Amino acid sequence: MPEEDHSQASKDYRSEIPQRSERFFLKGSNELDWGMKNRLASIFDPRSGRTVMLAFDHGYFQGPTTGLERIDLDIVPLARWADTLMCTRGILRSTIPPTFRGGVVLRASGGPSILSDDLSNEAIALSMEEAVRLNAAAVAVQVFIGGKNERQTVRNMTRLVDAGNRHGIATLAVTAVGRELTRDARYMRLATRICAELGATYVKTYFVDEGFDTVTAACPVPIVIAGGKKLPEKEALEVAWRAVQQGASGVDMGRNIFQSRDPQAMIQAVRAVVHDGETPEHAFALFEELANRTASPATAPAGA
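### Things to note about the nonpolar core
Stage number 1. Formed by 73 residues in total, the largest nonpolar core has its most connected members in Leu54, Phe56 and Phe212.
Stage number 2. Here this core gets seven residues from one element, more than from any other, and that element is helix 11 (residues 263-274).
Stage number 3. Excluding residues within four positions of it along the chain, Phe56 makes contact with Leu68, Ile71, Ile75, Leu85, Met86, Cys87, Ile91 and Ile96.
Stage number 4. Membership of the second largest hydrophobic core comes to 18 residues, among which are Met36, Ile43, Met86 and Val174.

Listed below in structure tokens is the structure:
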């Protein structure tokens, strides 16, 4: 039993001060349970309210993607600068050090490979119990709004939302754009809003040049942008900057980091844009400085 308190000092209850109840920093998330908010705080930096997610789950349908041939050599050295890692459970178990302190988002849908005619024919590929066992902060599911398997992939998402809510694990809905669909603000508003309305904790979608601010405004939960195809470094930084300026809560970049000519310099430049508000010009200058420092051979000592 606890020992009796024999202290003679008067207790200070400060009854004149109302109890503080801090609102959660993330859009649309204040009413979530404590455990899920705690996990979201490992994905999004509470200081900026944004995230730099490093996506390298491409192998779940592409196999050994260029730049991901050796996760231990290509990705693990970048993890120190990532707020969150987005990967498969196989890579997490086999390759990612358990000392990583950021958030982990696990790919939870899959099935077809790049050899398939229909990449939208996905099923749930991860149980929520497995996500709990691996200490995931969130699970990610592909959703093909307007695609051939729209209903199936929406159902995948809602099942994961229900399971995630039971265990306090967030669900990231990834809006997939098929070849037959137009990638514009109207479509992005539709896709992201449907995912949010059906329970997604946050949504990953593509940046569009016109009207992206309407996409983020119409979505009641945070949006992070997909990095998409490989761009020149300065262009990728410009996309990240424009996205966060128009309401995105961060980026989920893969190829624009791990296929960069200097991935370590690039992820630090992306962080400067997302968390520090640096302009693309300043961030690109940082990238060049860091990349040149890496490329410069060490000066040989005198007399060597």
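### Description of unusual backbone geometry
Stage number 1. Despite not being glycine, Arg14 has its phi angle at roughly 45°, a positive value.
Stage number 2. Of note, Arg14 is situated in the segment before helix 1 (34-43).
Stage number 3. Residue Asn135 is not a glycine yet carries a positive backbone phi of 60°.
Stage number 4. One can find Asn135 in the loop between helix 5 (128-133) and strand 6 (138-143).

### Some words on the side chain of Lys204
Stage number 1. In this fold, Lys204 is placed in strand 8 (residues 202-205).
Stage number 2. By relative accessible area, Lys204 is classed as buried at 9%.
Stage number 3. Look past the residues within four positions of Lys204 in its chain and what remains in contact with it is Ala55, Met86, Leu172, Ala173, Val174, Thr175, Val224, Ala226 and Asp252.

### Re the environment of Cys195
Stage number 1. Among the secondary structure elements, Cys195 is positioned in helix 7 (residues 185-197).
Stage number 2. Residue classification places Cys195 among the buried positions, given a relative accessible area of 0%.
Stage number 3. Taking the C-alpha atoms as reference, Cys195 lies 20 Å from Gln246; in sequence the two are 51 residues apart.
Stage number 4. Setting aside residues no more than four positions away along its own chain, Cys195 makes contact with Val143, Met157, Ala173, Thr175, Ala200 and Val203.

### A closer look at the sheet that holds strand 2 (residues 84-87)
Strand pairing within a sheet occurs via backbone hydrogen bonds; the two strands may be parallel or antiparallel.
Stage number 1. With parallel pairing, the eight strands of this closed barrel are ordered in space as 1-2-3-6-7-8-9-10. Between one strand axis and the next, the sheet turns through 25° on average, direction left out of account.
Stage number 2. Packed onto the sheet, helix 6 (residues 150-167) meets strand 6 and strand 7 (170-175) and runs at close to 165° relative to strand 6.
Stage number 3. The strands that helix 11 touches are strand 1 (51-55) and strand 10 (250-253); relative to strand 1, the one it contacts most, it runs at about 150°.

### Some points on the packing of aromatic side chains
Here a ring pair, both rings aromatic, is described through the centre-centre distance and the interplanar angle of the planes.
Stage number 1. Overall, the coordinates contain five aromatic pairs when judged by the stated rule.
Stage number 2. Measuring from ring centre to ring centre gives 4.6 Å for Phe24 and Phe25, while their planes differ by 45°; the resulting arrangement is tilted.
Stage number 3. Given the relative accessible area of 16%, Phe24 is considered buried.
Stage number 4. The exposure class of Phe25 is partly exposed, given its relative accessible area of 31%.
Stage number 5. Against the face of Tyr206 rests Arg183, its NZ or CZ located 3.9 Å from the ring centre.

### Structural notes on helix 7
Stage number 1. End to end, helix 7 covers 18 Å across 13 residues, agreeing with the expected 18 Å (1.5 Å per residue, within 8%).
Stage number 2. Buried within helix 7 are the following residues: Ala185, Tyr187, Met188, Ala191, Thr192, Cys195 and Ala196. All buried residues of helix 7 fall inside an arc of 155° around its axis, so they share one side. For helix 7, the exposed residues lying more than 90 degrees away from the buried face are Arg186 and Glu197.
Stage number 3. On its buried face, helix 7 sits against strand 6, helix 6, strand 7, strand 8, helix 8 (212-218) and strand 9 (223-226).
Stage number 4. Immediately beyond the C-terminal end of helix 7, within one or two residues, lies Gly199, with a positive phi of roughly 115°.

Calculation rules
- Residues numbered from 1 in each chain as written.
- Predicted model: local features only at pLDDT ≥ 70, side-chain atom pairs only at ≥ 80, totals over all residues.
- Heavy atoms only, no water.
- Core = buried A, V, L, I, M, F, W, Y, C linked by side-chain atoms within 4.5 Å.
- Buried < 20%, exposed > 50% of the residue type's maximum accessible area, 1.4 Å probe, protein only.
- Helix = DSSP H or I, 4+ residues; strand = E, 2+ residues; numbered from the N terminus.
- Contact = heavy atoms within 4.5 Å.
- Pairing = 2+ DSSP bridges.
- Axes fitted to C-alpha atoms, helices over the stretch in contact; angles between N-to-C directions.
- Phe/Tyr/Trp six-rings, centres within 6.5 Å; stacked < 30°, edge-to-face > 60°.
- Lys NZ or Arg CZ within 6 Å of the ring centre and 35° of its normal.
- Expected span 1.5 Å × (residues − 1).
- Arc of directions from axis to C-beta.

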